[in-house]
Amino acid sequence: MNGRGDSETSGIPEDDVVDPAEDARRARWTAAGAGALLALAGLAASTLRLAGSVPALVPAAYAFGAAVCALASVLGSRGRTRRALWLLIVGVMVMALGDQFD
């Protein structure tokens, strides 16, 4: 080996090194997009269940889960991705609970 001892890379080609700011921006867009998509799906499911003959708890669970996912979308767009992802999990779990009562 020629040159200084610390001149070696970690085995990762320089083209594959990801900028931390780009990684954070991608995480924000992912959290915001997933939250918006799940919120729309929850609102659609709530509207469809409201038109049918199901207990009132079912559309309420879908609507509450959609509201939690919408909050997660807002938090994700502001950079609070860890909290947003946990809220997405909670929102989907609430919607799944509403599906169990269906």
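Quick caveat, the model's predicted, so the values are computed rather than measured.

**Q** Which parts of the structure should I look at to understand the overall build of the protein chain?
**A** Counting its secondary structure elements, the protein chain contains three helices and zero strands. Each helix (α) and strand (β) of the protein chain, taken in turn from the N terminus, gives the series α-α-α. Residues counted as buried form 24% of the 102 residues belonging to the protein chain. Pairs at least 24 apart in sequence give 66% of the contacts found in the protein chain among residues at least 6 apart. For the protein chain, the exposed surface amounts to about 7300 Å²; the carbon and sulfur share of it is 62%.

**Q** How should the packing of helix 2 (residues 57–77) against helix 3 (residues 81–101) be read in this particular structure?
**A** For the pair helix 2 and helix 3, the least separation of the axes is 8 Å and the interaxial angle reads 170°. By the angle class used here, helix 2 and helix 3 are roughly antiparallel.

**Q** What's the story with the pattern of salt bridges in this structure? I'm lost.
**A** Where side chains of opposite charge bring their charged atoms close, a pairing between them can arise. By the definition in use, this model includes one salt bridge. Across the salt bridge formed by Arg26 and Glu22, the nearest N and O atoms sit 2.9 Å from each other. Pair noted here: Arg26 and Glu22 are both in helix 1 (residues 20–51), with a separation of four residues, about one helical turn. Look at Arg26 and you get partly exposed, because its relative accessible area is 42%. For Glu22, a relative accessible area of 35% puts it in the partly exposed group.

**Q** How should helix 3 be read in this particular structure?
**A** Helical geometry: 3.6 residues make up each α-helical turn, so side chains three or four residues apart lie on a common side. Between the first and last C-alpha of helix 3 there are 30 Å, a value that for 21 residues agrees with the 30 Å anticipated at 1.5 Å per step. On the buried face of helix 3, the contacting elements are helix 1 and helix 2.

**Q** I tried to follow the packing of helix 1 against helix 3 on my own but got confused; where do I start?
**A** For any two helices packed against each other, the geometry is given by the interaxial angle and the distance between the axes. Closest axis-to-axis distance for the helix 1/helix 3 pair is 10 Å, and the angle between their directions is 20°. The pairing of helix 1 with helix 3 is recorded here as roughly parallel in orientation. Viewed along their axes, helix 1 and helix 3 form a crossing whose handedness is left-handed. Here helix 1 contributes Ala27, Arg28, Ala31, Ala34, Gly35, Leu38, Gly42 and Arg49 to the contact with helix 3, which in turn contributes Thr81, Ala84, Leu85, Leu88, Val92, Met95 and Asp99. For the contact of helix 1 with helix 3, a count of residues per class yields nine nonpolar, three polar and three charged.

Cut-offs used in this document
Residues numbered from 1 in each chain as written. Predicted model: local features only at pLDDT ≥ 70, side-chain atom pairs only at ≥ 80, totals over all residues. Heavy atoms only, no water. Helix = DSSP H or I, 4+ residues; strand = E, 2+ residues; numbered from the N terminus. Buried < 20%, exposed > 50% of the residue type's maximum accessible area, 1.4 Å probe, protein only. Contact = heavy atoms within 4.5 Å. Areas by Shrake-Rupley, 256 points an atom, 1.4 Å probe, with all protein chains shown as cover. Axes fitted to C-alpha atoms, helices over the stretch in contact; angles between N-to-C directions. Parallel < 35°, antiparallel > 145°, perpendicular 65-115°, else oblique. Salt bridge = Lys/Arg side-chain N within 4 Å of Asp/Glu carboxyl O. Expected span 1.5 Å × (residues − 1). Left-handed = near helix turned anticlockwise from the far one by under 90°. Nonpolar A, V, L, I, M, F, W, Y, C, P; charged D, E, K, R; others polar.

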